[in-house]
Amino acid sequence: MRSTCLTVSLSAIEENYRRIRAALAPRVKVIAVVKADAYGHGAIPVARRLEAAGADMFAVAILEEALALREAGVTCPILILGGVAPGDEREAVRARVSPAVFAPDALARLEAAAVAENAPAHAHLKVDTGMARIGTRGDAELDELLSRWRDCPHVVMEGMFTHFAVADTQEDFTRAQDAAFQRAVAR
């Protein structure tokens, strides 16, 4: 077995962020994905460094990762890409984090949690355009969720997103996913 050493350069991570930021229009927001311990780079030090550099938001996979960032003093908005497990909605509201929502029952639980906490809940609508993991699938599911969202005044829809399945290898499929997402945005 060979030993391996990984040296993480927070200054290099910050420089990469600054280059990405500089390449984007000023109105475009940057979400730094720090799930899985920032892919092994250290979620807390990376998030602290990028927050200081001006990152607009962070994304994590699960509530526990979001709570760890909050406990470490990270104040930027946090998106939970996988949503929250049933029963964890009140904790998400208290921590001011935004779960992905893609099912009416999850939306209803988040609304109830916001009412119980007497605080707004924030969420992002997740649309499945071909990754086949989580998200609304097709117009009927999307329309049903949007209809129910109108009846949930305590849940603020901050945005919506999809997940490109093979953007690095299949350009035609990625274009089809993007077209499907743009149709969902238009709805």
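Refer to the preceding data block for the structure.
This is a predicted model, so every value here is computed, not measured.

(A) Inspection of the pairing of strand β2 (residues 57-60) at higher detail. Going residue by residue along β2, you find Met57 and Ala59 tucked away on one face and Phe58 and Val60 tucked away on the opposite face as well. The sheet contact formed by strand β1 (residues 31-33) and β2 spans three bridges and is parallel. If you follow alanine 32 over to β2, its bridge partner there is phenylalanine 58. When β2 meets strand β3 (residues 78-80), the two strands line up parallel, connected through three bridges. Note that in β3 the partner of phenylalanine 58 across the bridge is isoleucine 78. In the classification by handedness, the crossover that spans β2, the intervening helix α4 (residues 63-71) and the parallel β3 is right-handed.

(B) Layout of the packing of helix α1 (residues 10-23) against helix α3 (residues 43-53). Axis separation between α1 and α3 bottoms out at 10 Å; the angle between their running directions is 45°. Judged by the angle between their axes, α1 and α3 are oblique. In this structure, α1 meets α3 at a crossing whose hand is right-handed. Across from Leu10, Ser11, Ile13, Glu14, Tyr17 and Arg18 in α1, the residues of α3 making contact are Pro45, Val46, Arg49, Leu50 and Ala53.

(C) Expanded view of helix α7 (residues 138-149). An ideal rise of 1.5 Å per residue puts 16 Å on 12 residues; α7 measures up with 17 Å between its terminal C-alpha atoms. Among all positions of α7, only Leu142, Leu145, Leu146 and Trp149 are buried. Buried residues of α7, seen end-on, are gathered within an arc of 100° and therefore sit on one face of the element. The secondary structure elements touched by the buried residues of α7 are β4 (98-101), α6 (104-117), β5 (121-126), β6 (155-161) and α8 (171-186).

(D) Seen up close, the sheet that holds β4. The strand order across the open sheet built from six strands is β1-β2-β3-β4-β5-β6, with neighbouring strands paired in parallel fashion. Looking at which strands have only one partner, the edges of the open sheet turn out to be β1 and β6. Strand-to-strand twist of the sheet, defined as the mean angle between neighbouring strand axes without regard to direction, takes the value 30°. The pairing of β5 with β6 spans six bridges and is classified as parallel. Within the sheet, the bridge partner assigned to alanine 123 lies in β6 and is methionine 157. Packed onto the sheet, α6 meets β4, β5 and β6 and runs at close to 170° relative to β5.

Definitions and cut-offs
- Residues numbered from 1 in each chain as written.
- Predicted model: local features only at pLDDT ≥ 70, side-chain atom pairs only at ≥ 80, totals over all residues.
- Heavy atoms only, no water.
- Buried < 20%, exposed > 50% of the residue type's maximum accessible area, 1.4 Å probe, protein only.
- Helix = DSSP H or I, 4+ residues; strand = E, 2+ residues; numbered from the N terminus.
- Pairing = 2+ DSSP bridges.
- Right-handed = clockwise from strand over helix to strand, strands pointing away.
- Axes fitted to C-alpha atoms, helices over the stretch in contact; angles between N-to-C directions.
- Parallel < 35°, antiparallel > 145°, perpendicular 65-115°, else oblique.
- Left-handed = near helix turned anticlockwise from the far one by under 90°.
- Contact = heavy atoms within 4.5 Å.
- Expected span 1.5 Å × (residues − 1).
- Arc of directions from axis to C-beta.

Function cannot be inferred from these measures alone, as they are strictly geometric.
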